[in-house]
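The chain contents come next:
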Amino acid sequence: FKEFVITTPVPPEQIIDTLIKKNIFAGIDLFLFDYGFETEMLVAVTEKRTKDEMDLFVESLSNFSKQ
């Protein structure tokens, strides 16, 4: 249960490109797999991530809004 799909308010590619600059691998843009997903991203969380890292990820995600 460490992988899940989230729906994003902007294209996942935008989130991934922005967060990688903060050394955060946000997830995988599911649009790349041609299943009809346009605003979904696969996110995986493991025990290797600290609470601080997860808090930064969540805070970073909350900065995106539909434009």
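Up top is the structure.
The structure contained in this document is the topic of the report that follows. (Residues numbered from 1 in each chain as written. Predicted model: local features only at pLDDT ≥ 70, side-chain atom pairs only at ≥ 80, totals over all residues. Heavy atoms only, no water.)

### Concerning the environment of Pro-11
By secondary structure assignment, the location of Pro-11 is in the loop between strand S1 (3-7) and helix H1 (12-20). In sequence terms Pro-11 and Phe-31 are 20 residues apart; their C-alpha atoms lie 9.1 Å from each other. (Helix = DSSP H or I, 4+ residues; strand = E, 2+ residues; numbered from the N terminus.)

### Overview of H1
Considered for burial, the residues of H1 that qualify are Pro-12, Ile-15, Ile-16 and Leu-19. Taken down its axis, H1 places every buried residue within 95° of arc, on the same side. Packing partners of the buried residues in H1 comprise strand S2 (28-29), strand S3 (40-44) and helix H2 (51-62). (Buried < 20%, exposed > 50% of the residue type's maximum accessible area, 1.4 Å probe, protein only. Arc of directions from axis to C-beta. Contact = heavy atoms within 4.5 Å.)

### Describing the nonpolar core
Counting 10 residues, the largest nonpolar core is built from Val-10, Ile-15, Ile-16, Leu-19, Ile-24, Ala-26, Met-41, Val-43, Phe-57 and Phe-64. If you list the elements that add at least two residues to this core, you get H1 and S3. At three residues, H1 tops the list of elements feeding residues into this core. Other than its neighbours up to four places away in sequence, Leu-19 contacts Ile-24, Ala-26, Phe-57, Ser-60, Leu-61 and Phe-64. (Core = buried A, V, L, I, M, F, W, Y, C linked by side-chain atoms within 4.5 Å.)

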